[in-house]
Amino acid sequence: MSSFVLDKESFVRRIKRLYTEWKAPSTGHDDALSNLDCIMSVVGVDEDVIYSKSMALQLWLLGYELTDTISVFASDAIYFLTSKKKIEFLKQAQNISEEGVPEIKLLVRDRTDKDQANFEKLIKTIQNSKKGKRLGVFTKDAFPGEFSEAWKKMLSAAKFEHVDISTIIAYLMCPKDEAEINNIRKASLVSMEIFNKYLKDEIMDIIDSDRKVKHTKLSDGCEAAIGEKKYTSGLDPRLLDMAYPPIIQSGGAYSLKFSAAADKNHLHFGVIVCSLGARYKSYCSNISRTFLVNPTEAMQENYTFLVNVQEEILKLLIPNSKLCEVYEKTLAYVKKEKPNMVDNLTKSFGFAMGLEFRENSIVIGPKCQALIKKNMVFNLHVGISNLTNPDAADKEGKTYALFIGDTVLVGDTAPASVMTPSKKKIKNVGIFIKDDDDEEEDVDDKKATKPDQSTEILGRSKRNAVLDSKLRNEINTEEKRKEHQRELAQQLNERARERLAKQGNSKEVEKVRKNTVSYKSMSQIPREPEVKELKLYVDKKYETVIMPVFGIQVPFHISTIKNISQSVEGEYTYLRINFFHPGATMGRNEGGLYPQPEATFVKEVTYRSSNIKEHGEVAAPSANLNNAFRLIKEVQKRFKTREAEEREKEDLVKQDTLILSQNKGNPKLKDLYIRPNIVTKRMTGSLEAHTNGFRYISVRGDKVDILYNNIKSAFFQPCDGEMIILLHFHLKYAIMFGKKKHVDVQFYTEVGEITTDLGKHQHMHDRDDLAAEQAERELRHKLKTAFKSFCEKVEAMTKAQVEFDTPFRELGFPGAPFRSTVTLQPTSGSLVNLTEWPPFVITLDDVELVHFERVQFHLRNFDMIFVFKEYNKKVAMVNAIPMNMLDHVKEWLNSCDIRYSEGVQSLNWQKIMKTITDDPDGFFEQGGWTFLDPESGSEADNESAESEEDEAYNPTDAESDDETDEDDSEYSEASEDESDDSDELGSDEESGKDWSDLEREAAEEDRNNDYATDDKRNGKFESKKHGKSSKHSPSKSSKDKYHNRDKHHSSSSSGHKSSGKDKDRKRSREDSRDNGHSKSKKSRH
């Protein structure tokens, strides 16, 4: 147990909650804690017991189940009696000194006297706690075993008054914290995966092949599926279990209770009721659905009504409402809509769920007075039983029942959020099959109904029984996405407005440049001969250059010098010194650079000195300038290096100290490279997990510490289809190593050879090559196993404080977030590319919305913009995503509940975000983010209304200034090469026209657009598509407020940008990469 880590933060928080409720009860419907003198729980050994209050309390406080352990919660201390190994684990809690947490005392079991002495200590502790009479216990918990029986005997002899505290403790544990909600969410995800990918497909296959399969076999298959990786969403199978045996019912025998069991009858192709639930880290989930095979109209109507009832209950689950009131209002709704269904309804509509699957005291029923609280999790289920179907073909189908259930989370407002959002409408669960006779009658109508095959299911010859969703929904996918996006759009503006209102008007404080002083007093000025002789003198200590100006030695700090240059002309050496001064950097914001910008500044100083050495002189006079030039360069370099380091460190957040674990069993990986490199040369090292963080030690001895509480996202990318296997940490706050700060740190090792020797004569049957391939496969498997084992151990050790996410390679799509095109892969909470460096990591929780740019049918690529919830943060951009991936990306974003929009133009996001942050209230009053919707027309209005305003706009981002020239040159060269290639390709439209036709059309186009005739003389003509000439508007796009974009779109086909230097307005070719419809040819006059 020493390798297990106690989550101290959760332990302290929950112990405080328990003792606070004990001292000052806040629960109105149960006052069991108010008159207690002490609380006791005992956990024995019984593999048949899955759920008990004692185990739940232990798991809630400690995170682990400790068998044969007695816990006594006295007024002034907490006692644990257990074995030596478990005591080692509990010692982590003993060191906690927190206000509101009693002293923790540990007793080791003594088998020599069968723990009699320890039992007596505990009895005295109970007697000394307050009045020592009333003892809170869990009366229904009865563990067998010698240890438990001996304690019960001792306890009964002490004659305490026992009070059952099961209900109040359950209510205390019912509101979940973030870690618990996360565990339930993962359990719910596994439940959905097993239901959708295994059970649903299995039932479809059984109906399709007309097989006879027993209910018990389907139930056993679900239990076996939880051990298969493809159904567990990458979670550790050792932490997963079924919350209860899956229940499959059909053929008229239905029991809408979770205590029911799947019988040995065969699956009947009528009404099939299915319920299953997974547990992750002991936290439960549930999903219940009903499949309807060839349902009648009445059955479909009843099922739709049942779905509506569940939605009504979701609206009623709000904090501070009584559960009995929720039940009564739901019953009133049923009486109003379908009074004949009241007697057929289930007796309750759900119960609280968490560490125990069913909490009997917190039920959505007529007698429960408990108040709903935020973050409570319920198994919300509603059913109708004993319904009759007079149209059934067999007796098994005469009687049927309908049942749906979900895991739901209570939030601040209604409705409660569904954690198992598997589709449940009739079109998603209805199975419509046709027999041979029906098929023969419809043979003549097949051609007429071919376009609408979504409503037609084939006959028994193929038994192609398919869920209606697999056909109808393919047509309606876009409509459903749009409907969902409309819902997200309504929520987006409201939430963004609330968030900005809470943030207030906090603006970034403008950084003022540090006012450097060379000498604070005259006494610090050096008394060197050069100073007295009015020569240039460089004071290294104070980083100052003392210069003679009009016969006076004037000190200038090195920070005031911009650059220096030296030249030799004839007999003289010239030294020119340029200084920083206002107006030196045109177009940039200099507000904070100069404390007194109105003062008089020296722009430059030039010194001249003779190169001729006079008789008797040791050196020529110019030696002073040469020496000063060298020293100024040296001091300037040292000063700039130090300044750069200080800038890197100024916004660093101080990290906690790494607590080293001396345990030899710490998770460890060896022979790993780190990115970015600590030094220029790449070195290997080892990564080891300690008590509160990781430590990487290189072979040279360099150390990099990453604390668990500073990890925002952790990723494990296996070597499937990659040449490296890696662990990547995306941090909350930057850490410093290699003299730079980094937010992304990666540890990786190579798998096989990244480079291949093309000079070798290789043969597919070469034994050496076959052996090398086999060795590489074995290495890949070995590394994958080692890395996965490391991740699992770390997750177990940190109690899921660090959880490794694995990218979904099959959901990946190409894009260019930086310079090159890479494969972007979604994870459960991020979009990443980790193979190439620099990495690209977008956390989806930080994303406000996604906007697609340049979405036009004739373009090959589009761009994707991520706008973050923190509006001051620069938007992230992914360029050159293939157009055929648009639906794929939309579907993924929609499934993640992220709002997206699209447009044909490239927007000026820097200006948009500045407009929003300057006046957020005005932005949202004008409709907020709705201006991005294509149908709103706002884009066109913005383009025309503000084109003049943006004519003088210059980007002020420092990064773009530094890289613009280099990037633009590279991009223009690439686009020029592509356009040259496209020139060589002819098109079908052009082949039917001679040069005179093309020349005449080009001339007409020039006249219409008022272009100069330079292009005509040069013989450049733009081809036309279907007789329509392509229109160029170089001035408009450069003026557009939202469409003045960066380097990647200087030649996009949506509009050619004028460089400003092209005064003759030469017509540029269309970008062949984007526009495959328009090709250009060169005239040969």
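Since we're looking at a predicted model, the values are computed, not measured.

Caption draft 1: Quick peek at the overall build of the protein chain. Along the backbone of the protein chain there are 26 helices and 42 strands. Taking all 1085 residues of the protein chain together, the buried fraction comes to 48%. Total accessible area on the protein chain stands at roughly 56,900 Å², and carbon and sulfur atoms take up 48% of it.

Caption draft 2: A look at helix 9 (residues 297-316). If you check helix 9, its first and last C-alpha atoms are 29 Å apart, about what 20 residues at 1.5 Å a residue would give, namely 28 Å. Looking at helix 9, one finds that the buried residues are Met-299, Gln-300, Asn-302, Tyr-303, Phe-305, Leu-306, Val-307, Val-309, Gln-310, Ile-313 and Leu-314.

Caption draft 3: View of the environment of Lys-703. Mapped onto the elements of the fold, Lys-703 is located in strand 28 (residues 703-707). With near-sequence residues (within four places) excluded, Lys-703 lies in contact with Arg-695, Tyr-696 and Ile-697.

Caption draft 4: Spotlight on the packing of helix 7 (residues 178-209) against helix 8 (residues 215-225). Running from amino to carboxyl end, helix 7 crosses helix 8 at an angle of 150°, the nearest separation of the two axes being 10 Å. At the point where helix 7 passes helix 8, the crossing takes the right-handed sense. Of the residues in helix 8, those in contact with Ile-194, Tyr-198, Leu-199, Glu-202, Ile-203 and Ile-206 of helix 7 are Leu-218, Gly-221, Cys-222 and Ala-225. Split into classes, the residues belonging to the contact of helix 7 with helix 8 amount to eight nonpolar, one polar and one charged.

Caption draft 5: Geometry of the pattern of salt bridges. In the structure shown here, the tally under the stated rule is 42 salt bridges. Residues Asp-177 and Arg-13 are paired through a salt bridge, measuring 2.9 Å at the closest nitrogen-oxygen approach. Taken together, the residues span a long stretch of sequence, with Asp-177 in the loop between helix 6 (166-173) and helix 7 and Arg-13 in helix 1 (residues 8-23) at a distance of 164 residues. For Arg-780, the salt bridge is made with Glu-776, and the minimal N-O distance between the two is 3.3 Å. Within this pair, Arg-780 and its partner Glu-776 are both found in helix 17 (residues 767-797), separated by four residues, close to a single helical turn. Members of the salt-bridge network, linked through shared partners, are Glu-9, Arg-13, Arg-14, Asp-177 and Glu-180.

Caption draft 6: Geometry of the packing of helix 4 (residues 116-128) against helix 5 (residues 146-158). Where helix 4 meets helix 5, the closest approach of the two axes is 11 Å, and the angle between their N-to-C directions is 40°. One element, helix 4, and the other, helix 5, form an angle in the oblique class. For helix 4 against helix 5, the interelement crossing comes out right-handed. Taken together, the residues of helix 5 that come into contact with helix 4 (itself represented by Gln-116, Phe-119, Glu-120, Leu-122, Ile-123 and Ile-126) are Phe-147, Ala-150, Trp-151, Met-154, Leu-155 and Ala-158. The residue inventory of the contact of helix 4 with helix 5, partitioned by class, reads ten nonpolar, one polar and one charged.

Caption draft 7: Spatial organisation of the environment of Thr-823. Here Thr-823 shows up in strand 34 (residues 822-826). Separated by eleven residues in sequence, Thr-823 and Leu-834 have C-alpha atoms that sit 9.2 Å apart. When sequence neighbours within four positions are dropped, the list of residues in contact with Thr-823 reads Gly-812, Phe-813, Pro-814, Val-832 and Asn-833.

Caption draft 8: Here's a closer look at the side chain of His-581. When you line up the elements, His-581 lands in the loop between strand 23 (572-579) and strand 24 (604-610). Taking relative accessible area as the criterion, His-581 reaches 16% and is therefore assigned buried. The residues touching His-581, leaving out its near neighbours within four places in the chain, are Tyr-594, Phe-601 and Lys-603.

Caption draft 9: Geometry of the packing of aromatic side chains. According to the stated counting rule, one finds 33 aromatic pairs in the structure shown. Pairing Phe-694 with Tyr-708 gives two aromatic rings, centres 5.2 Å apart and planes at 85°, and the pair type is edge-to-face. Pair noted here: Phe-694 is in strand 27 (residues 693-698) and Tyr-708 is in the loop between strand 28 and strand 29 (711-717), with a separation of 14 residues, a long-range link. As far as the burial class goes, Phe-694 and Tyr-708 line up, both buried. Ring pairing ties together the aromatic residues Phe-694, Tyr-696, Tyr-708, Phe-729, Phe-747, Phe-790 and Phe-804, which thus form one cluster. The side chain of Arg-675 reaches across the aromatic face of Tyr-748, ending 4.8 Å from its centre. Of note, Lys-873 hangs over the ring of Phe-868, and the distance from its end group to the ring centre comes to 4.3 Å.

Caption draft 10: Structural context of the confidence of the model for the protein chain. With 78% of its residues at a pLDDT of 70 or more, the protein chain has an overall mean of 79. The model gives residues 436-475 a pLDDT under 50, and that stretch makes 65 contacts with residues more than four places away or in other chains. Every residue in residues 938-992 scores below 50 in pLDDT, and together they form 77 contacts with partners more than four places removed in sequence or on other chains.

Caption draft 11: Helix 18 (residues 886-895), seen in detail. Residues Leu-886, Val-889, Lys-890, Trp-892, Leu-893 and Asn-894 constitute the buried set of helix 18. Once helix 18 ends, the next one or two residues include Asp-897, with phi positive near 60°.

Caption draft 12: Representation of the sheet that holds strand 7 (residues 240-242) in the model. The three strands are arranged 7-10-11 in an open sheet whose pairing can be described as antiparallel. In this open sheet, the two strands that pair with only one neighbour each are strand 7 and strand 11 (283-284). For strand 7 and strand 10 (residues 278-280), the ladder comprises three bridges, and the chain directions are antiparallel. If you follow Leu-240 over to strand 10, its bridge partner there is Tyr-280.

Caption draft 13: Geometry of the pairing of strand 28. Summarising the sheet, strand 27 and strand 28 pair through five bridges and their orientation is antiparallel. Within strand 28, the position partnered with Phe-694 by the bridge is Ile-706. From the end of strand 27 to the start of strand 28, which pair antiparallel, there are four residues, and Gly-701 there has a positive phi angle of about 105°.

Caption draft 14: Quick peek at the side chain of Arg-780. Residue Arg-780 is classed as buried on the basis of its relative accessible area of 19%. In contact with Arg-780, not counting residues within four places along its chain, are Cys-719, Gly-721, Glu-722, Met-723 and Val-751.

Caption draft 15: Examining the sheet that holds strand 22 (residues 561-569) more closely. The antiparallel open sheet is built from three strands, whose spatial order is 22-23-24. Each edge of the open sheet is held by one strand with a lone partner, namely strand 22 and strand 24. Taking the axes of each pair of neighbouring strands and ignoring which way they run, one obtains an average angle of 15° across the sheet. Two strands pair when backbone bridges link them, and strand 23 and strand 24 are joined in this way by seven bridges, in the antiparallel orientation. Within the sheet, the bridge partner assigned to Thr-573 lies in strand 24 and is Ser-609.

Caption draft 16: Region of the structure containing the environment of Ser-52. Its place among the elements puts Ser-52 in the loop between strand 1 (38-43) and helix 2 (53-62). On the accessibility criterion, Ser-52 (6% relative accessible area) is buried. The residues contacting Ser-52, other than those within four sequence positions of it, are Asp-141, Phe-143 and Glu-356. At a separation of 3.2 Å, a polar atom in the side chain of Ser-52 contacts the main-chain amide nitrogen of Met-55.

Caption draft 17: Quick look at the nonpolar core. Counting 133 residues, the largest nonpolar core has Ile-194, Leu-199, Leu-317 and Phe-378 as the members making the most contacts within it. No other element matches helix 7, which puts 13 residues into this core. Once residues lying within four places of it in the same chain are set aside, the contact partners of Leu-317 are Val-326, Ile-364, Ile-372, Leu-380, Val-408, Val-410 and Ala-416. If you look at the next biggest cluster of nonpolar residues, it comprises 33 residues, including Ile-678, Ala-689, Phe-729 and Leu-783.

Caption draft 18: Up close: the pairing of strand 2 (residues 69-73). Counting buried residues along strand 2, five of its five residues qualify, which places the element largely inside the surrounding structure. Two strands pair when backbone bridges link them, and strand 2 and strand 3 (residues 77-82) are joined in this way by four bridges, in the antiparallel orientation. Bridging across to strand 3, Ile-70 finds its partner in Leu-81. Counting the residues that bridge the hairpin from strand 2 to strand 3 gives three residues.

Rules of the game
Residues numbered from 1 in each chain as written. Predicted model: local features only at pLDDT ≥ 70, side-chain atom pairs only at ≥ 80, totals over all residues. Heavy atoms only, no water. Helix = DSSP H or I, 4+ residues; strand = E, 2+ residues; numbered from the N terminus. Buried < 20%, exposed > 50% of the residue type's maximum accessible area, 1.4 Å probe, protein only. Areas by Shrake-Rupley, 256 points an atom, 1.4 Å probe, with all protein chains shown as cover. Expected span 1.5 Å × (residues − 1). Contact = heavy atoms within 4.5 Å. Axes fitted to C-alpha atoms, helices over the stretch in contact; angles between N-to-C directions. Left-handed = near helix turned anticlockwise from the far one by under 90°. Nonpolar A, V, L, I, M, F, W, Y, C, P; charged D, E, K, R; others polar. Salt bridge = Lys/Arg side-chain N within 4 Å of Asp/Glu carboxyl O. Parallel < 35°, antiparallel > 145°, perpendicular 65-115°, else oblique. Phe/Tyr/Trp six-rings, centres within 6.5 Å; stacked < 30°, edge-to-face > 60°. Lys NZ or Arg CZ within 6 Å of the ring centre and 35° of its normal. pLDDT = per-residue confidence, 0-100. Pairing = 2+ DSSP bridges. Polar contact = N/O pair within 3.5 Å; in protein donor to acceptor, adjacent residues only side chain to side chain. Core = buried A, V, L, I, M, F, W, Y, C linked by side-chain atoms within 4.5 Å.

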